[in-house]
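Here is how the chains run, residue by residue.
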Amino acid sequence: QVQLVESGGGLVQPGGSLRLSCAASGSILQLNRMGWYRQAPGKERELVAHITSDDITNYADSVQGRFTISRDKAKNTVYLQMNSLKPEDTAVYYCQQGVTVVGGSGLPRYLEVWGQGTLVTVSS
């Protein structure tokens, strides 16, 4: 089955940086849209950034200019470089990848797969 393994979260002081990684494994025929979301306690999950199949990037206004999303198609991996972190960036960050896999019938099937989340805490 397709799995996403996230890494890179942790505790960082305001103004610091972290780099999140999300690697997909399994029988993946094609990577499509890939993105990062975050969710703080008591709040809804929100989009942070995403990158399309043709490598077009989009960012939430709150992270524009501070975060950078990128992907390595050969490694089935998406990254989120987070700079100038603020306390309000504290959340569990979830990786999401749209993938095309082979279905039970042998035909291609599109799925959206989520990682288990990695906690980012920005605090002095």
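Residues numbered from 1 in each chain as written. Predicted model: local features only at pLDDT ≥ 70, side-chain atom pairs only at ≥ 80, totals over all residues. Heavy atoms only, no water.

Describing the overall build of the protein chain
Phase 1 of the analysis: The secondary structure content of the protein chain amounts to zero helices and eleven strands.
Phase 2 of the analysis: Counting from the amino terminus, helix and strand elements in the protein chain follow one another as β-β-β-β-β-β-β-β-β-β-β.
Phase 3 of the analysis: Relative to the 2.2 N^0.38 estimate, which gives 14 Å for 124 residues, the radius of gyration of the protein chain is 15 Å and therefore close to what a compact globule would have.
Phase 4 of the analysis: Considered along the principal axes of its C-alpha atoms, the protein chain spans approximately 55 × 25 × 25 Å.
Phase 5 of the analysis: Relative to its 124 residues, the protein chain shows a buried fraction of 44%.
Phase 6 of the analysis: In the protein chain, 56% of the contacts between residues at least 6 apart in sequence involve partners at least 24 apart.
Phase 7 of the analysis: Charge centroids of the protein chain, computed over 11 positive and 10 negative side chains, lie 3 Å from each other. (Helix = DSSP H or I, 4+ residues; strand = E, 2+ residues; numbered from the N terminus. Rg over C-alpha atoms; globule rule 2.2 N^0.38 Å. Buried < 20%, exposed > 50% of the residue type's maximum accessible area, 1.4 Å probe, protein only. Contact = heavy atoms within 4.5 Å. Lys, Arg positive; Asp, Glu negative; His and termini not counted. Charge placed at Lys NZ, Arg CZ, Asp CG, Glu CD.)

Some details on the sheet that holds strand S8 (residues 77-82)
Phase 1 of the analysis: Read from one edge to the other, the open sheet built from four strands follows the order S1-S3-S8-S7, with strand pairing classed as antiparallel. For this open sheet the edge positions go to strand S1 (3-7) and strand S7 (67-72), each flanked by a neighbour on one side alone. Each strand axis lies, on average, 15 degrees off the axis of its neighbour in the sheet, ignoring direction. (Pairing = 2+ DSSP bridges. Axes fitted to C-alpha atoms, helices over the stretch in contact; angles between N-to-C directions.)

Details of the pattern of salt bridges
Phase 1 of the analysis: On inspection of all chains with the given rule, the structure shows five salt bridges.
Phase 2 of the analysis: The shortest N-O distance in the salt bridge between Asp 89 and Arg 66 comes to 2.8 Å. Placement of the pair is Asp 89 in the loop between S8 and strand S9 (91-102) and Arg 66 in the loop between strand S6 (57-59) and S7, with a sequence separation of 23 residues. The burial state of Asp 89 is the same as that of Arg 66; both residues are buried.
Phase 3 of the analysis: Three or more residues are tied together by salt bridges with common partners; here these are Arg 38, Glu 46, Arg 66 and Asp 89. (Salt bridge = Lys/Arg side-chain N within 4 Å of Asp/Glu carboxyl O.)

So, the confidence of the model for the protein chain
Phase 1 of the analysis: Mean pLDDT for the protein chain: 94, with 100% of residues reaching 70 or above.
Phase 2 of the analysis: For the protein chain, the element scoring lowest by mean pLDDT is strand S4 (residues 28-39), at 90; strand S2 (residues 10-12) scores highest, at 98. (pLDDT = per-residue confidence, 0-100.)

Regarding the environment of Val 99
Phase 1 of the analysis: Examined against the element boundaries, Val 99 turns out to sit in strand S9.
Phase 2 of the analysis: Counting along the chain gives eleven residues from Val 99 to Glu 88, while the straight-line C-alpha distance between them is 31 Å.
Phase 3 of the analysis: Discounting chain neighbours no more than four positions away, the residues touching Val 99 are Val 2, Ile 28, Gln 30, Leu 31, Asn 32, Arg 109, Tyr 110, Leu 111 and Val 113.

Some words on unusual backbone geometry
Phase 1 of the analysis: Although it is not a glycine, Asp 55 sits at a positive phi angle of roughly 70 degrees.
Phase 2 of the analysis: Looking at where Asp 55 falls in the secondary structure, it is placed in the loop between strand S5 (46-51) and S6.
Phase 3 of the analysis: Relative accessible area serves as the criterion here: at 40%, Asp 55 is assigned to the partly exposed category.
Phase 4 of the analysis: Within the chain, Ser 84 stands out as a residue other than glycine whose phi angle is a positive 50 degrees.
Phase 5 of the analysis: Among the structural elements, Ser 84 can be located in the loop between S8 and S9.
Phase 6 of the analysis: Using a relative accessible area of 41% as the deciding quantity, one classes Ser 84 as partly exposed.

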